[in-house]
Amino acid sequence: MPLTLGIETSCDESAAAVTDGPQRVRSSVIATQHDLHALYAGVVPEIASRAHLQRLTPVITEAVRQAGVSLSDIEAIAVGNRPGLIGSLLVGVSAAKALAWSLDVPLVGVHHLLAHLHAPSLDDGEIAFPAVSILASGGHTAVYHQTGPLEATLLGGTIDDAVGEAFDKAATMLEAGYPGGPAIERLAARGNDRAVDLPIARLGKDRLDFSFAGLKTALLYAVRGTPTGRGRQSVFPRSIADCDADRRADLAASFQRCAVSALVDGVERALDRTEARSLCGGGGVLANTLLRSRLEALAQSKDVPLRLPPMKYCVDNAAMIAGLGSLLVSSGRTDGLDLQAIARSPVGDAA
Ligand code: KG4
Ligand code: ZN
């Protein structure tokens, strides 16, 4: 298994890592850009790609140093090349091509979402397949049936917002801070999760899809009241300034309970419908403590082993890219220097 340098720049984290094969992580370095995007309460693509340009080279140097190797020891370069923000992806893909060419080692493009699903095996052992896998991040929310690390069939996905995006919007409405997920989690810890009646979308008993737009709108109305008028003319009777600290915490806790319940319900139905030797998860929202404990309870009740990555491998990182990349390289599936950055790419295109 090759000593692989992984590069990840699909959104707002500039990350590099070195792995010894698919599971053994030698180093993982992440430079977040939260400071740059906080002002806008969301990722600004142009700012993100410029920051990657500035930060990526020192991050790569540091990942190689922390791995205790030198660049000339690297045997393969893996890069997250799809899906993501196109300008951000291009920075990582260009750096990866330059390194692969100058070191004369194989290059491989890695699907970002499959890499998230590979994360539970990092610093641990291989996943037992078939698996039911939940992916919940800022851009994606879906449940898959996986028969191997590179084979995932979509069972259901969100029909509107990703759950991480809903957390981020909720944090903006409650002026809780940025990034939204951890901010809502902190605020919710002081709140009563039954205080506010918010909806949990169920899209019919035969569907495994998710919806978070209704929950988001219900939270907006709970914060600001029901508006009069339509569209741009609509006027809300209240503002967030009318919510005291206790009310904000209750709203955050109620929102978090509903968002997490929607995810766990979907996973439960997926487990009931398919053969699974493990229940896996990946993506930034899996850093949420309530979600992790609810999945643990579910896995116990269904008698299936739960495989969740530690927090550092839930959010965007390059160890998951290097790990999955080394698996691809060792099975001969490398790419040429014509490797493209691709903004949209369903998991079905991954293999
Ligand atoms: O996987 P990730 O780092 O980037 C994407 O590929 O999107 O996920 C980022 C998302 C953000 O929406 C962030 O608010 C959410 O994960 N997130 C959380 C938590 N930590 C990060 N959501 C809920 N609870 C958390 N503790
Ligand atoms: Zn991600």
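Note that the structure is a prediction, hence the values are computed from the model and not measured.

Enquirer: Just checking my understanding: could you explain the coordination of the zinc ion (ligand 2) for this structure?
Expert: For the zinc ion (ligand 2), every protein donor is listed as His112 (NE2), His116 (NE2) and Asp316 (OD), and the spread of their distances is 2.0 to 2.1 Å. For the zinc ion (ligand 2), the four donor atoms in the first shell make angles of 93 to 143° at the metal, so the coordination geometry reads as irregular.

Enquirer: How do you make sense of the pattern of salt bridges when you look at a structure like this?
Expert: Taken as a whole and assessed by the stated rule, the structure comprises 15 salt bridges. Residues Arg202 and Asp265 are paired through a salt bridge, measuring 2.4 Å at the closest nitrogen-oxygen approach. Of this pair, Arg202 sits in the loop between helix 6 (180-188) and helix 7 (213-224) while Asp265 sits in helix 8 (residues 245-273); the two residues are 63 residues apart in sequence, bridging distant segments of the chain. Accessibility expressed as a relative area gives 55% for Arg202, which makes it exposed. Put simply, Glu268 and Lys302 hold a salt bridge, and the shortest N to O gap is 3.5 Å.

Enquirer: What is the right way to look at the domain arrangement of the protein chain in this model?
Expert: Interface size is commonly expressed as the accessible surface area that is lost when the partners come together. Assigned domains of the protein chain: these are domain 1 (3-121 + 313-349) and domain 2 (131-309). On a C-alpha basis, the centres of domain 1 and domain 2 stand 27 Å from each other. Facing 23 residues of domain 1, the contacting portion of domain 2 comprises 23 residues. Here domain 1 and domain 2 share an interface that buries about 1,800 Å² over both sides, 75% of which is from carbon and sulfur atoms. For the interface between domain 1 and domain 2, the tally reads zero salt bridges.

Enquirer: Explanation requested: the nonpolar core in the structure shown.
Expert: In a soluble, globular protein the nonpolar side chains are often hidden away together inside. Grouped together as the largest cluster of nonpolar side chains are 49 residues, with contacts concentrated most on Phe212, Phe255, Leu263 and Leu295. Only strand 6 (131-136), helix 5 (163-173), helix 6, helix 7, helix 8 and helix 9 (289-302) provide two or more residues apiece to this core. Sorting elements by how many residues they give to this core places helix 8 first, with 14 residues. In terms of nonpolar packing, the next biggest core, distinct from the first, is built from 28 residues, Ala119, Tyr144, Ala152 and Leu327 among them.

Enquirer: Would you mind going over the sheet that holds strand 1 (residues 3-8) with me for this structure?
Expert: The strands making up a sheet are joined through hydrogen bonds of the backbone, oriented either antiparallel or parallel. Taken in spatial order, the five strands of this open sheet run 3-2-1-4-5, and their pairing is mixed. The sheet is open, and its two borders are formed by strand 3 (24-32) and strand 5 (107-111), each paired with just one other strand. Taking the axes of each pair of neighbouring strands and ignoring which way they run, one obtains an average angle of 20° across the sheet. Direction of pairing for strand 4 (residues 76-82) relative to strand 5: parallel, over a ladder of five bridges. Each bridged residue has a counterpart across the sheet, and for Ala78 the counterpart in strand 5 is Val108. Sheet strands touched by helix 3 (residues 86-103): strand 1, strand 4 and strand 5. Its angle to strand 4, the strand with the most contacts, is close to 160°. Against the sheet, helix 11 (residues 319-330) touches strand 1, strand 2 (13-20), strand 3, strand 4 and strand 5, its axis set at about 120° to strand 5.

Enquirer: Which parts of the structure should I look at to understand the packing of aromatic side chains?
Expert: How two aromatic rings sit relative to each other is set out by the distance from centre to centre and by the angle between their planes. Applying the stated rule across the entire model yields three aromatic pairs. Arranged with centres 5.2 Å apart and planes meeting at 85°, the rings of Phe167 and Phe255 form a pair that is edge-to-face. On the criterion of sequence distance, the pair formed by Phe167 in helix 5 and Phe255 in helix 8 is long-range, its members being 88 residues apart. The exposure class assigned to Phe255 is buried, which follows from its relative accessible area of 0%. Aromatic side chains Phe210 and Phe212 sit 6.3 Å apart centroid to centroid with 15° between the ring planes, which places their arrangement in the stacked category. Classification of Phe212 as buried rests on a relative accessible area of 1%.

Enquirer: Got a minute to help me understand the site of ligand 1 in this structure?
Expert: Taken together, 19 residues sit near ligand 1, with Gly138, Asp168, Gly181, Glu185 and Gly284 positioned nearest. Within the contact set of ligand 1, an oxygen atom lies 2.9 Å away from a backbone nitrogen or oxygen of Gly181. Between a nitrogen atom of ligand 1 and a side-chain N or O atom of Asn288, the distance comes to 3.1 Å. For ligand 1, whose free accessible area comes to 560 Å², the fraction covered by protein is 90%.

Enquirer: What am I meant to see in unusual backbone geometry here?
Expert: Leaving glycine aside, a negative phi is the common case for residues, and trans is the common case for peptide bonds. The peptide bond linking Arg82 to Pro83 adopts the cis configuration, its omega dihedral lying at -20°. Among the secondary structure elements, Pro83 is positioned in the loop between strand 4 and helix 3. The residue after Tyr178, namely Pro179, is reached through a cis peptide bond having omega -5°. One can find Pro179 in the loop between helix 5 and helix 6.

Enquirer: For this particular structure, what's the right way to read the environment of Ala245?
Expert: Along the polypeptide, Ala245 turns up in helix 8. The class for Ala245 is partly exposed, based on a relative accessible area of 47%. Taking the C-alpha atoms as reference, Ala245 lies 9.1 Å from Leu187; in sequence the two are 58 residues apart.

Reading the values: rules and limits
Residues numbered from 1 in each chain as written. Chains lettered and ligands numbered in written order. Predicted model: local features only at pLDDT ≥ 70, side-chain atom pairs only at ≥ 80, totals over all residues. Heavy atoms only, no water. Donors = N, O, S within 2.8 Å, 3.2 Å for Na, K, Ca; no water. Tetrahedral: all angles 85-135°; square planar, octahedral: opposite > 155°, others 65-115°. Salt bridge = Lys/Arg side-chain N within 4 Å of Asp/Glu carboxyl O. Helix = DSSP H or I, 4+ residues; strand = E, 2+ residues; numbered from the N terminus. Buried < 20%, exposed > 50% of the residue type's maximum accessible area, 1.4 Å probe, protein only. Domains from an automatic or database assignment. Contact = heavy atoms within 4.5 Å. Buried area = accessible area lost by both parts, 1.4 Å probe. Core = buried A, V, L, I, M, F, W, Y, C linked by side-chain atoms within 4.5 Å. Pairing = 2+ DSSP bridges. Axes fitted to C-alpha atoms, helices over the stretch in contact; angles between N-to-C directions. Phe/Tyr/Trp six-rings, centres within 6.5 Å; stacked < 30°, edge-to-face > 60°. Near = heavy atom within 4 Å. Polar contact = N/O pair within 3.5 Å; in protein donor to acceptor, adjacent residues only side chain to side chain. Areas by Shrake-Rupley, 256 points an atom, 1.4 Å probe, with all protein chains shown as cover.

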